[in-house]
Amino acid sequence: MALNSTTSPFWRDVRVLRVLLQVLFLIGVLLLAGILYANMLSGLNDLGLTLNLDFLQSEAGFDISEGIEYEPSDTYLQAFWVGVVNTLKVSLIGIVCATILGLIVGIARLSSNWLIRTVAAIYVECFRNIPLLLQILFWYTAVILQLPRVRDSISLFGDVFINQRGVYLPAPEPTSGLRIWGVYLLVGLIVAAILYVLRARQLRQLELPGFRAKWALPAFLIIALLGWFLTPEKPFRLDPPVLRGFNFVGGISLSPEFSALLIGLSVYTGAFIAEVVRSGIQAVVKGQREAAKAVGLNESQILRLVVLPQAVPIIVPPLTSQYLNLAKNSSLAIAIGFPDVFSIGNTMMLQTGQSIPVFAMIMVSYLIMSLTTSAAMNWYNRWINRVRR
Amino acid sequence: MRKFLFRISAFVFVISLMIPVLASGDEGVLERVKNRGRLICGVHGSLPGFGFLNESGEWIGFDVDYGRAIAAAVLGDPSKVEFVPLKAPERFPALQTGEIDVLIRNTTWTLTRDTQVGADFAPPTFYDGQGFMLPKELGITSLKELAGASIGVTAGSTTELNLTDTMRALGVDFNPVVFEEIDTLYNSYEQGRCDVVTSDKSQLVARRQVLKDPEAHVILEATISKEPLGPVTVHGDNKWNDVVSWAVYATFFAEEHGITQANINTFETQNPEIQRFLGKTGDIGEKLGLSKDWAHQVVAAVGNYGEIFERNLTPLGLPRGVNKPWTQGGLLYAMPFR
């Protein structure tokens with residue numbers, strides 16, 4: 001050591017070099033970022049443009065077809081927020097639908113029934129190999145816009161209407177009976193909790209696998225139903241949609257743009273999730289399944305108690321990427337006019353000319369959304385892995 | 001190791017040399033076009049009459065002809081122009097980044113655009129106004145009757161804002177259906193997704209022609225806005241804006257004085273202004289940085305304003321309206337060629 005440090009100069013010292021290289025790399029990166037930024041500023045300056053966020057406080061002036069409460073006289077920032085909420089809405093519902101679809105199809109692909117297996121395989125191969133934009137446009141123009149016109153709406157059960165402008169359902173309006181029914185629900189919940197604990201304790205004593213909510217669930221449902229019929233005034237009154245003038249008014253409606261986007265995203269991502277689920281299940285060692293069979297468990301018990309619990313930790317990491325893809329792919333909404341964050345951002349850029357700040361806002365929104373999703377999924381992954389060990 | 005460090009510092013040095021290269025856009029658009037030998041013009045792409053690619057793959061339309069006119073003025077050849085079809089949201093970024101030299105795409109001149117999006121406007125070539133188209137069978141004649149209707153509009157257009165303003169002023173509630181692509185907009189109108197479609201009247205007339213049954217649709221009397229449409233150049237390049245503006249004035253001037261594509265080569269006159277215009281005397285071409293006969297080239301290539309209009313818009317059934325020379329009570333007024 002002593003010999004080394006006296007004879008070799010500092011630029012031969014590994015410790016110094018390591019630090020030096022990293023510092024140089026950092027300088028390089030910063031320099032590059034600085035050059036790009038300066039270049040952008042000088043370009044903007046040539047065009048007489050400035051970067052600022054003041055425009056966010058001025059009146060937007062354009063209307064938005066759907067989303068949370070918003071008026072054209074609200075600010076650009078509020079308009080942007082409507083877009084963020086719409087993106088979150090379609091992504092979250094899409095993730096739930098795609099997961100359910102993917103889980104069913106993934107298991108179906110391993111079915112011993114030839115028909116089920118083949119149908120599932122055809123679904124997966126078709127939908128994951130066609131560009132998503134094409135699929136969304138297909139659902140929108142070839143399926144939803146081909147539904148009957150408003151005046152010839154399909155009517156189900158008298159109060160549900162389906163036409164090319166969307167699906168209209170009666171909206172439940174809470175009445176004064178809701179409070180009394182709430183008490184019944186609370187009682188039901190307490191009873192269910194007690195039964196759940198008792199059942200769990202019993203199963204543990206018997207050392208048997210089983211469904212812990214077997215007593216709790218029916219008990220809760222019975223009490224809830226009983227309350228529904230015993231309450232003098234029904235807790236909810238239905239507010240049916242009515243055709244008035246050009247469109248249906250009242251009730252809950254799903255717009256065709258939202259529906260097409262949701263179907264497109266769920267079906268497309270569902271195909272990928274099915275493959276993730278299938279590979280996860282197949283990755284569980286064959287001996288586990290055989291051992292479970294030897295102990296005398298039936299097919300559904302094998303899947304529920306032995307295979308899936310071991311498959312989930314394998315499934316979760318690739319599943320996370322699929323969730324992130326779905327959220328980002330929702331920006332294709334712009335093709336069919338669903339007001340998501342990208343589409344509203346686009347309008348804002350045009351109306352104000354502030355492309356760079358708005359682009360930055362859109363990017364930051366997606367970044368926060370994606371980082372939150374992956375943080376949640378990582379936490380879930382750690383949690384299930386800790387339980388297993 | 002020293003070699004490696006040397007390489008790194010060389011790399012940093014080269015990058016720092018690139019700073020001025022990246023940052024400078026000193027070359028004006030006029031020089032850029034001349035050096036390239038070709039004009040790049042942003043147009044609509046799917047608007048019959050204005051900017052449209054026909055079955056044989058040729059660009060045709062009113063805006064397209066103005067692109068050819070500028071190419072003729074600058075390069076002496078109306079075919080030396082490349083057309084780039086742009087969607088509404090793409091047009092200003094394309095102009096800002098220099099992807100296109102001039103934007104001629106039904107673009108309305110507004111204060112915000114003039115000051116905030118890095119654009120400079122040349123004189124309007126078409127004075128338009130916003131209208132509404134709907135199926136005849138509805139029997140609607142006024143905007144007040146549109147309460148509760150689904151109204152289709154293109155995203156990020158002045159029409160989107162005018163629609164909202166007008167309906168707010170009238171106190172009429174409506175459902176906006178906003179599309180980025182005009183093809184999707186008219187398709188969904190035809191399918192019945194929206195009851196009404198709103199846009200510049202010229203666009204409504206042009207698109208009505210290509211609907212399945214044009215007779216079944218009416219355009220309401222009401223005009224809710226002023227839409228002066230014209231060429232746009234990048235902000236800050238005054239020289240280039242001058243060239244584009246005067247190419248437009250040249251078509252106005254030619255119509256005012258009865259100079260046409262057919263008679264320009266034989267046009268005999270003692271009028272000194274027309275002689276200057278045709279490049280026979282004076283140096284107006286030089287002042288613009290163009291050749292002596294630039295205006296002659298423009299008219300020889302596309303004709304005067306009236307000819308451009310009749311070639312592209314009259315077949316669609318668009319009346320001249322206010323788009324006539326001022327001498328006939330219209331709004332077209334060429335500045336003096338002096």
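Residues numbered from 1 in each chain as written. Chains lettered and ligands numbered in written order. Predicted model: local features only at pLDDT ≥ 70, side-chain atom pairs only at ≥ 80, totals over all residues. Heavy atoms only, no water.

## As for the overall build of chain B
On a plain count of helices and strands, chain B comes out with 13 helices and 15 strands. With the C-alpha coordinates of chain B rotated into their principal frame, the extents come out at 75 × 75 × 40 Å. Counting only residues that meet the buried cut, chain B has 55% of its 338 residues in that class. In chain B, of all internal contacts separated by at least 6 residues, the share reaching a separation of at least 24 is 71%. Entry remark: accessible area of chain B is about 14200 Å², with carbon and sulfur atoms responsible for 54%. Side chains of chain B carry 31 positive and 41 negative charges; the gap between the two charge centres is 6 Å. (Helix = DSSP H or I, 4+ residues; strand = E, 2+ residues; numbered from the N terminus. Buried < 20%, exposed > 50% of the residue type's maximum accessible area, 1.4 Å probe, protein only. Contact = heavy atoms within 4.5 Å. Areas by Shrake-Rupley, 256 points an atom, 1.4 Å probe, with all protein chains shown as cover. Lys, Arg positive; Asp, Glu negative; His and termini not counted. Charge placed at Lys NZ, Arg CZ, Asp CG, Glu CD.)

## Examining the overall build of chain A
In terms of helices and strands, chain A carries 12 helices and 8 strands. Taken over the C-alpha atoms alone, chain A extends approximately 90 × 65 × 45 Å along its principal axes. Here chain A holds 389 residues, and the buried ones make up 39% of them. Contacts in chain A between residues at least 24 apart in sequence constitute 66% of all its contacts with a sequence separation of at least 6. Just so you have it, chain A exposes about 22000 Å², and 68% of that area is on carbon and sulfur atoms. The distance from the centre of the 29 positive side-chain charges to the centre of the 21 negative ones in chain A is 18 Å.

## Structural notes on the domain arrangement of chain A
Here chain A is described as being made up of domain 1 (2-34) and domain 2 (76-170 + 240-388). Between the C-alpha centres of domain 1 of chain A and domain 2 of chain A the distance comes to 49 Å. (Domains from an automatic or database assignment.)

## Some points on the interface of chain A and chain B
If you look at the interface, chain A gives 45 residues, while chain B gives 52 residues. Between chain A and chain B lies a buried interface of about 4000 Å² when both sides are counted; carbon and sulfur atoms form 58% of it. The largest contributions to the chain A side of the interface with chain B come from Leu47, Phe246 and Leu350 of chain A, which together make up 19% of the buried area. At the junction of chain A with chain B, the criterion picks out 3 salt bridges. Notably, a salt bridge pairs glutamate 257 of chain A with arginine 193 of chain B, separated by 2.8 Å at the nearest N-O pair. Taken together, the connections running from chain A to chain B amount to 13 residue pairs in polar contact (both at pLDDT 80 or more). Taken together, the elements giving at least two residues each to the side of chain A that touches chain B come down to α2 (14-46), α5 (132-144), α8 (256-282) and α11 (341-352) of chain A. The greatest single-element share of the side of chain A that touches chain B, amounting to 9 residues, is contributed by α2 of chain A. (Buried area = accessible area lost by both parts, 1.4 Å probe. Salt bridge = Lys/Arg side-chain N within 4 Å of Asp/Glu carboxyl O. Polar contact = N/O pair within 3.5 Å; in protein donor to acceptor, adjacent residues only side chain to side chain.)

## Remarks on the pairing of strand β1 (residues 39-43) of chain B
All names here are of chain B. Most of β1 sits inside the fold, with 5 of its 5 residues counted as buried. Judged by which residues are buried, β1 turns out to be covered on both faces: Leu39, Cys41 and Val43 on one side and Ile40 and Gly42 on the other are all buried. Pairing analysis gives 5 bridges linking β1 to strand β5 (residues 81-85), with the strands arranged parallel. Looking at the pairing, leucine 39 lines up with valine 81 of β5. The sheet contact formed by β1 and strand β6 (residues 102-103) spans 2 bridges and is parallel. (Pairing = 2+ DSSP bridges.)

## Overview of the domain arrangement of chain B
Residue and element names in this part refer to chain B. By the assigned domains, chain B splits into domain 1 (29-127 + 229-328) and domain 2 (130-225). Distance between the C-alpha centres of domain 1 and domain 2: 29 Å. On the side of domain 2, 16 residues touch domain 1, which itself brings 17 residues to the contact. With both sides pooled, the region where domain 1 packs onto domain 2 buries about 1300 Å², and carbon together with sulfur makes up 61% of that total. Looking only at domain 1, the three residues that lose the most surface to domain 2 are Ser46, Lys87 and Leu316, adding up to 32% of its buried area.

## Some details on the sheet that holds strand β3 (residues 166-169) of chain A
Residues and elements named next belong to chain A. As summarised here, the arrangement of the 4 strands in space is β1-β2-β3-β8, forming an open sheet in which the pairing is antiparallel. The sheet terminates laterally at β1 (154-156) and β8 (252-254), the two strands that pair on one side only. The mean angle between the axes of side-by-side strands here comes to 15 degrees, regardless of whether they run parallel or antiparallel. In this sheet, strand β2 (residues 160-163) lies alongside β1 in antiparallel orientation, the contact comprising 3 bridges. (Axes fitted to C-alpha atoms, helices over the stretch in contact; angles between N-to-C directions.)

## Thoughts on α8 of chain A
Since the α-helix packs 3.6 residues into each turn, any two residues three or four apart lie on the same face. When the terminal C-alpha atoms of α8 of chain A are compared, their 38 Å separation across 27 residues agrees well with the 39 Å that a helix rising 1.5 Å per residue should span. Taking burial as the measure, the 27 residues of α8 of chain A include 22 buried ones, the bulk of the element. (Expected span 1.5 Å × (residues − 1).)

## Thoughts on the packing of aromatic side chains
All names here are of chain A. One pass over the structure, following the stated rule, counts 32 aromatic pairs over all chains. Arranged with centres 5.7 Å apart and planes meeting at 50 degrees, the rings of phenylalanine 258 and phenylalanine 338 form a pair that is tilted. Of this pair, phenylalanine 258 sits in helix α8 while phenylalanine 338 sits in the loop between α10 (299-329) and α11; the two residues are 80 residues apart in sequence, bridging distant segments of the chain. For the pair shown, phenylalanine 258 and phenylalanine 338 are each scored as buried. (Phe/Tyr/Trp six-rings, centres within 6.5 Å; stacked < 30°, edge-to-face > 60°.)

## Some thoughts on the side chain of arginine 320 of chain B
Residue and element names in this part refer to chain B. Within the secondary structure layout, arginine 320 lies in the segment after α13 (305-312). Residue arginine 320 is classed as buried on the basis of its relative accessible area, which comes to 18%. If near-sequence neighbours (up to four positions away) are discounted, arginine 320 is found in contact with Glu255, Tyr305, Gly306, Phe309, Glu310, Pro325 and Leu332.

## Notes on the packing of helix α3 (residues 76-108) of chain A against α10 of chain A
All names here are of chain A. With their axes 11 Å apart at the nearest point, α3 and α10 run at an angle of 140 degrees to one another. In terms of orientation, α3 and α10 fall into the oblique class. Between α3 and α10 lies a crossing whose hand is right-handed. Here α3 contributes Ser91, Gly94, Ile95, Ala98, Thr99 and Ile107 to the contact with α10, which in turn contributes Leu303, Tyr323, Leu326 and Ala327. (Parallel < 35°, antiparallel > 145°, perpendicular 65-115°, else oblique. Left-handed = near helix turned anticlockwise from the far one by under 90°.)

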